[in-house]
Amino acid sequence: MHVLGIESSCDETSAAVVKDGRQICSNEVISSLRLHSKYGGVIPEIASRMQLETITSVVDAAIVCARVKLKDIGLISVTNTPGLSGSLLVGVSFAKALSLARDIPLLGVNHLHAHFYAGFLKISGLCGTRKKGPANTPALPFVGLVVSGGHTSLFYVEDFDKIRLLGSTSDDACGEAFDKVAAILGIGYPGGPAIEQLAKKGTAGKIKFTCSNTANPLDFSFSGIKTAVLYRVRDKASVKNANKDKPADIAAAFQETVVDVLIKKSLLACKTKHVNDLVIGGGVAANSRLREKFRAQCLKNRINAYFPPKELCMDNAAMTAGLGYTLYKKGARSGLDLDLS
Ligand code: KG4
Ligand code: ZN
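The next subject is the confidence of the model for the protein chain. The pLDDT averaged across the protein chain works out to 93; a share of 94% of its residues lies at or above 70. Note on residues 125-134: pLDDT under 50 across the span, and 25 contacts to partners over four residues away in sequence or across chains.

A few words on the coordination of the zinc ion (ligand 2). The coordination sphere of the zinc ion (ligand 2) contains the protein donors H111 (NE2), H115 (NE2) and D315 (OD), at a distance range of 2.1 Å. Here the donor residues of the zinc ion (ligand 2) are spaced in sequence according to H-x3-H-x199-D. Pair noted here: H115 is in helix α4 (residues 111-117) and D315 is in the loop between β11 (304-306) and α10 (317-329), with a separation of 200 residues, a long-range link. Comparing H115 with D315 shows no difference in burial state: the two are buried.

Let us now look at the site of ligand 1. Taken together, 21 residues form the shell around ligand 1, and within it G149, D179, E196, G283 and N287 come nearest. Taking G149, its main chain carries an N or O atom lying 2.8 Å from an oxygen atom of ligand 1. Between ligand 1 and D179, the relevant distance is 2.7 Å, taken from an oxygen atom to a side-chain nitrogen or oxygen of the residue. Contact with the protein chains covers 91% of the free accessible surface of ligand 1, which is 560 Å². At the level of secondary structure, the elements contributing two or more residues to the shell around ligand 1 comprise α4, α5 (174-185) and α6 (191-199).

Counting across every chain of the model gives 0 disulfides. Among the cysteines around C10, which has no disulfide bond, C174 carries the closest sulfur, lying 15 Å off. Exposure remark for C10: the relative accessible area of 22% places this residue in the partly exposed category. No disulfide involves C270; its nearest neighbouring cysteine sulfur is the one of C298, lying 6.7 Å away.

One pass over the full model with this rule turns up 13 salt bridges. Here K330 makes a salt bridge to D159, at a shortest N to O gap of 2.7 Å. A residue pair is termed long-range when its members are at least 10 positions apart, and K330 in the segment after α10 and D159 in strand β8 (residues 152-159) qualify at 171 residues. Of the residues examined, D159 reaches a relative accessible area of 19% and is grouped as buried. Of the charged contacts in the structure, one is a salt bridge between D172 and K226, with a shortest N-O distance of 3.0 Å. One end of the pair, D172, is in the loop between β9 (162-168) and α5; the other, K226, is in helix α7 (residues 223-237), and 54 residues separate them in sequence. Residue D172 is classed as buried on the basis of its relative accessible area of 7%. The network of salt bridges with common partners includes E256, D260, R289, E292 and K293.

This part takes up the side chain of S77. With respect to the secondary-structure elements, S77 resides in strand β4 (residues 73-81). Here T320 takes part through its backbone oxygen, which lies 2.7 Å from a polar atom of the side chain of S77. When sequence neighbours within four positions are dropped, the list of residues in contact with S77 reads V3, L4, G5, I6, L107, V109, T320, A321 and G324.

Across the sheet, 5 strands lie side by side as β9-β8-β7-β10-β11; this open sheet has mixed pairing. Each edge of the open sheet is held by one strand with a lone partner, namely β9 and β11. With strand direction ignored, the average angle separating the axes of adjacent strands in the sheet is 25°. As paired elements, strand β7 (residues 142-147) and strand β10 (residues 277-281) share 4 bridges and run parallel to each other. Bridge assignment links G144 to a residue of β10, and that residue is V279.

What counts and what doesn't
- Residues numbered from 1 in each chain as written.
- Chains lettered and ligands numbered in written order.
- Predicted model: local features only at pLDDT ≥ 70, side-chain atom pairs only at ≥ 80, totals over all residues.
- Heavy atoms only, no water.
- pLDDT = per-residue confidence, 0-100.
- Contact = heavy atoms within 4.5 Å.
- Donors = N, O, S within 2.8 Å, 3.2 Å for Na, K, Ca; no water.
- Helix = DSSP H or I, 4+ residues; strand = E, 2+ residues; numbered from the N terminus.
- Buried < 20%, exposed > 50% of the residue type's maximum accessible area, 1.4 Å probe, protein only.
- Near = heavy atom within 4 Å.
- Polar contact = N/O pair within 3.5 Å; in protein donor to acceptor, adjacent residues only side chain to side chain.
- Areas by Shrake-Rupley, 256 points an atom, 1.4 Å probe, with all protein chains shown as cover.
- Disulfide = S-S within 2.5 Å.
- Salt bridge = Lys/Arg side-chain N within 4 Å of Asp/Glu carboxyl O.
- Pairing = 2+ DSSP bridges.
- Axes fitted to C-alpha atoms, helices over the stretch in contact; angles between N-to-C directions.

In structure tokens, the structure reads:
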């Protein structure tokens, strides 16, 4: 069955066609990122206006690129939570209209759950950039970690319709912390890739940062380390400490500390839930240092770590379509009264 996925939860407008929940036939993504860069963060009004302008052509492109017709689509799977309301509304309204006009079943899916479904997808090579998908896929149950610009959450995934939240951030999301630290260092937006590049030129061990403790050991807190970076940079600018810290060392120390905390808590979740498979998704999961350290630490602890291909870590509709297919096969359906939560 071909599923049309539609994703518009943040600054991307994306549509994809996925066959049988696995094979990506097309995955079109347009981002309004460059329009937000001068503000240092996503401006919801700008994002939703651009989504309104582009959604029709993005869906068209996904259908054409997949070499299918609308009559071949067996399900429309759309992100309906969580995300920016104005943005979600564009995708959900479009999906409802198309479902009604062409009599295609509709299903709303959770964006965070879709992020770890990205680890189960294969790219056919039709419009994608990779010829093959991962050699193997995770086994249920697994622990899922989503690290994105808006969320940092650990889940216990017994099955895709049986997902339990184990912990989440009590303040900033992980990607948000990368973006804010990049702004403090003045290296641009989005901050994640900029920090990753700068950190390569630095030595992590030269500066010591820590992440705050949380009452629930599976929760996260990143606002303290962000503030610590701010004070360090201000201090560096003062005459007393002038030229002591290199920005690259700050970036490396920040990245290393955050990655270590993500690893520690993910491994604890695996241990607590007695599972051997860990799936990591979301924009921050594209970070090479994070991937390298997770792989090494998981190997040491006999945990299998799975990452989606880097291009599927960012928001995309292929993961929305894939998750929709799996839930639909289990009997999930939405009506035209589908709302945003
Ligand atoms: O999942 P995503 O595309 O959107 C949300 O659902 O939020 O994640 C975007 C976030 C941004 O905060 C961005 O800075 C971060 O992912 N990011 C990275 C990297 N690439 C993107 N963070 C660290 N290292 C990267 N290479
Ligand atoms: Zn996301």
